[in-house]
There are 2 protein chains.
Amino acid sequence: MKNLMNDVDTALAESLDGFAAAHADIVTLGDDREFVRRSAVKPGKVALISGGGAGHEPLHAGFVGHGMLDAACPGQIFTSPTPNQMLNAAQAVDSGAGVLFIVKNYSGDMMNFQMAADMLDQENAVVIVNDDVAVEDSTYTTGRRGVAGTLIIEKMLGAAAERGDSLTQLKALGDAVNKATASMGVALTSCTVPAAGKPTFQIGVHEMEVGVGIHGEPGRRRVPLASADAIAEELTSAVIKDLALAQGQQVILLVNGFGGTPLLELYLMVNAARKVLARAGVKAVRYLTGSYVTSLEMAGCSITVCAVDAGMLALWDAPVHTAALRWGM
Amino acid sequence: MKNLMNDVDTALAESLDGFAAAHADIVTLGDDREFVRRSAVKPGKVALISGGGAGHEPLHAGFVGHGMLDAACPGQIFTSPTPNQMLNAAQAVDSGAGVLFIVKNYSGDMMNFQMAADMLDQENAVVIVNDDVAVEDSTYTTGRRGVAGTLIIEKMLGAAAERGDSLTQLKALGDAVNKATASMGVALTSCTVPAAGKPTFQIGVHEMEVGVGIHGEPGRRRVPLASADAIAEELTSAVIKDLALAQGQQVILLVNGFGGTPLLELYLMVNAARKVLARAGVKAVRYLTGSYVTSLEMAGCSITVCAVDAGMLALWDAPVHTAALRWGM
C-alpha cells in the first residue's frame, strides 16, 4: 500500500492540522491535538463527545459541529484514544448541562471512555453503539461491534441536544436509536494500516468477506464474490431480521462505503438494497450514500437501516453543519 | 479488480436508478436514463448542462440541483455521452433563457457537445474547462484536460444563473473562472475500467505518476513515490506558476481524491498544500476536501486552486442543494 504521507508517526497530527485549517469556521483543535471541538459551545446544552481510532474518516471529527457532536477524540489509526483525551475534551466543551459519551463497542474504547466517565466531575452518561449484526464477539469486541450506524445515532442525539433535551432524555434516546439501528458489511479487499505495512487480512482475488468489521475483523464467512443483488439481499435481510421490521415500517437507508469502493457502485447497492426493502414492505424515507465510516482504503460497503418514527425523522432532518454532513444551514 | 455489480452492461443504469431514488427530492431521470435533471426548473433561468463519461462520480450528476446544474448527461464509464442525450436534456430543462453547456476538454465530449449545440434550436453557448496544467495534449485531448476544477466552474456558474445572469454574462463568467482555475494530480495506483477488466496502466509498487489525468492518462513523469510535502510542493507550485498568482491573492483550495485515497491522507495533503500557498503569500480563504472528481478506485489526488475576487467568492458561498455539495439550505 502506498500512502500520501511524510512520516507514519506524524500522519494523524498533520491530517488533523489540515482538517482544522479547512474547517476553521466550525472546529478548533484542543491542546496537543487531543480532541477536535466545536468552536462555539452552546450554553445550557448537554455536551456530546465521541471518538475512536483514526482511519474511519470522516467519523468522528467530520461530525463535530452544530446539530451533531461537540467534540471528537481521535486515537492513532485503529487505536483507542486515551481517557485523558476524553477528560480534557469534556472539560473543554461542558457548559454545565452534563456530558454524554457516544462510544462504539470495542473493548479499548469501552474501557477508556468508561474510565473517563468515572473520573469526570461533571454529570455524565454513556451511550454504547453496537449496530453490527454480523457476529457476536469479535477480534476487539465483546458483544456486537459498533459500525456505520454510529453516525445516525450521533446525528439524532445532536439534534435532540441542540433543542435542549436533558442528559437523561438523551441517554434514553441514544439507547433507543441504537436499538432501532442495524448494519452489516462486506469487504472485497483488505485495508493496510500504515504502521503495520501489510494488509490486515488476506483475501483471494475472487473472494469476499461477508460481515466484515470496520478494522477488517472476520465476519460470518469467506465466500466467492457474489452479484450486487445477492450481496444486498444477504446484508439487508440480516438487518431486517435483526430489527424484526414490520410491513409499512419507515426507515433511513445508509449505504456506506469503506473507502475503496467507487460511488457508482455504492448507488448501485442503494438500488439493490431498496428492492430488498420494498419486497419486505419496508419504506425507505431517507437515504444517505457515501463513504462516511471507512476502513482506510478497504473496498466494500455496509448497509445500515434505522427504523424511524416521526420524532426520529424530525431529528434526522434537523439542521446540521459539520465537515461531512450539512443541511438546513 | 472486484466490483459490487450485477452485470457490467447494466451497472451505470442500476447506479442511476439508485441515485434517482436516493435523491428524489432533487432530481428526476430522463427517459431511457439519458440525463439526470433537476426536478423543478426555474422559469427565466439559463439552463446549465454538463456531462461526460461515468466513473468520475459524484461529477456530474451529483452536482445537479438548486444553485448548480440543471441537467447532467452520463456516458458509459470513461465514454462521452451522445449528442442526442444533450439535446434531449436541453429540451427538458430549457425555460426560454437559453442553454449553457459546460464541457471538460476531451475530444469525444467536445465533438458531441458541439454537435448538440449546433443542432439545438434554443440560444446556447459552450464553456470549455481545461484546468489541468500537467500537459498540453493527451491521450484523449487536444490542449489541456478538464479535471477537478470543473466543479468550481459549475458551482459559480450555477449561483450566477440562479440570481438571473444572462447567457452572455454566464459564458463570459465561465471563461473567466476557467482561466482563474488550475489543477494538477498524482496517481499512486491505476484504476480498472470494469468492461476492460485490467488496469488502465501499469505502475510499480514504489512509483507515482505525476500529472496523471482523470482517466489514468500519462502525466509529466513517472518517478519514485515522494513524501506528501514534496508532492504538494510540486503540484501546488505548478498551479501557482500557471495562474501567475500575486502575493496577497485570495484562493479556493480544492484537494480532490481520485477515489482510492483515504480522507485522512487528503486532509494531510491540505495541510501540506496550504504551507506551499502560504510561502507564496497566497491566502486560502475557502477549502473543499474530498473525492469529488474521481477515477473509479484510483489512489491519488489532485490540487486545484481558483483565484477569486469578492464577486466569485460570493458565488462560491451562495446556497447550493445537490447530492454532493450542499450548503446554505
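Residues numbered from 1 in each chain as written. Chains lettered and ligands numbered in written order. Predicted model: local features only at pLDDT ≥ 70, side-chain atom pairs only at ≥ 80, totals over all residues. Heavy atoms only, no water.

As for the sheet that holds strand β9 (residues 221-224) of chain A
Residue and element names in this part refer to chain A.
- The strand order across the open sheet built from six strands is β9-β8-β7-β12-β10-β11, with neighbouring strands paired in mixed fashion. Each having just a single partner strand, β9 and β11 (283-290) make up the two edges of the open sheet. The mean angle between the axes of side-by-side strands here comes to 20 degrees, regardless of whether they run parallel or antiparallel.
- Lying on the sheet, helix α7 (residues 263-279) is in contact with β10 (250-257), β11 and β12 (300-307); it crosses β10 at an angle near 150 degrees. (Pairing = 2+ DSSP bridges. Helix = DSSP H or I, 4+ residues; strand = E, 2+ residues; numbered from the N terminus. Axes fitted to C-alpha atoms, helices over the stretch in contact; angles between N-to-C directions. Contact = heavy atoms within 4.5 Å.)

Observations concerning the packing of aromatic side chains
All names here are of chain A.
- Counted under the stated rule, the structure contains six aromatic pairs over all chains.
- Seen in terms of ring centroids, tryptophan 316 and tryptophan 327 are 5.4 Å apart; in terms of plane orientation they differ by 55 degrees. Their pairing is tilted. Of the two residues, tryptophan 316 sits in helix α8 (residues 310-317) while tryptophan 327 sits in strand β14 (residues 326-327), which places them eleven residues apart along the sequence. (Phe/Tyr/Trp six-rings, centres within 6.5 Å; stacked < 30°, edge-to-face > 60°.)

What about the sheet that holds strand β12 (residues 300-307) of chain B?
All names here are of chain B.
- Strand order in the open sheet formed by six strands is β9-β8-β7-β12-β10-β11, with mixed pairing between adjacent strands. The two strands at the open ends of the sheet, each matched to only one other strand, are β9 (221-224) and β11 (283-290). Within the sheet, the average angular offset between the axes of one strand and its neighbour, ignoring direction, is 20 degrees.
- Note that strand β8 (residues 207-210) and β9 share four bridges and pair antiparallel. Note on β9: the bridge partner recorded for valine 210 is arginine 221.
- Its contacts with the sheet place helix α6 (residues 228-243) against β7 (181-187), β8, β9 and β12, and it is angled at close to 155 degrees to β7.
- Sitting on the sheet, helix α7 (residues 263-279) touches β10 (250-257), β11 and β12, and the angle it makes with β10 is about 150 degrees.

Section: the pattern of salt bridges
- Within this structure, the stated rule accounts for 28 salt bridges over all chains.
- For aspartate 132 of chain B, the salt bridge is made with arginine 145 of chain B, and the minimal N-O distance between the two is 3.0 Å. Taken together, the positions of aspartate 132 of chain B in the loop between β6 (124-129) and α4 (149-163) and arginine 145 of chain B in the loop between β6 and α4 put the pair 13 residues apart, joining distant regions of the chain.
- Between arginine 144 of chain B and aspartate 242 of chain B there is a salt bridge, with the nearest N and O atoms lying 2.7 Å from each other. Remark: aspartate 242 of chain B occurs in helix α6 and arginine 144 of chain B occurs in the loop between β6 and α4; sequence separation between them is 98 residues.
- The exposure class of aspartate 242 of chain B is partly exposed, given its relative accessible area of 36%.
- The network of salt bridges with common partners includes Arg38, Lys42, Lys45, Asp70 and Glu162 of chain A. (Salt bridge = Lys/Arg side-chain N within 4 Å of Asp/Glu carboxyl O. Buried < 20%, exposed > 50% of the residue type's maximum accessible area, 1.4 Å probe, protein only.)

Some details on the confidence of the model for chain A
- This prediction gives chain A a mean pLDDT of 97; 100% of its residues lie at or above 70.
- Prediction confidence for the complex, expressed as pTM and ipTM, is 0.98 and 0.98 respectively. (pLDDT = per-residue confidence, 0-100.)

Quick notes on the interface of chain B and chain A
- Tallying the contact residues gives 56 residues for chain B and 56 residues for chain A.
- Summing both sides of the interface, chain B and chain A together bury roughly 4,500 Å²; the carbon and sulfur share of this comes to 64%.
- If you sort the residues of chain B by the area they bury against chain A, Lys2, Leu4 and Leu264 of chain B come out on top, with a joint share of 21%.
- Along the contact surface separating chain B from chain A lie zero salt bridges. (Buried area = accessible area lost by both parts, 1.4 Å probe.)

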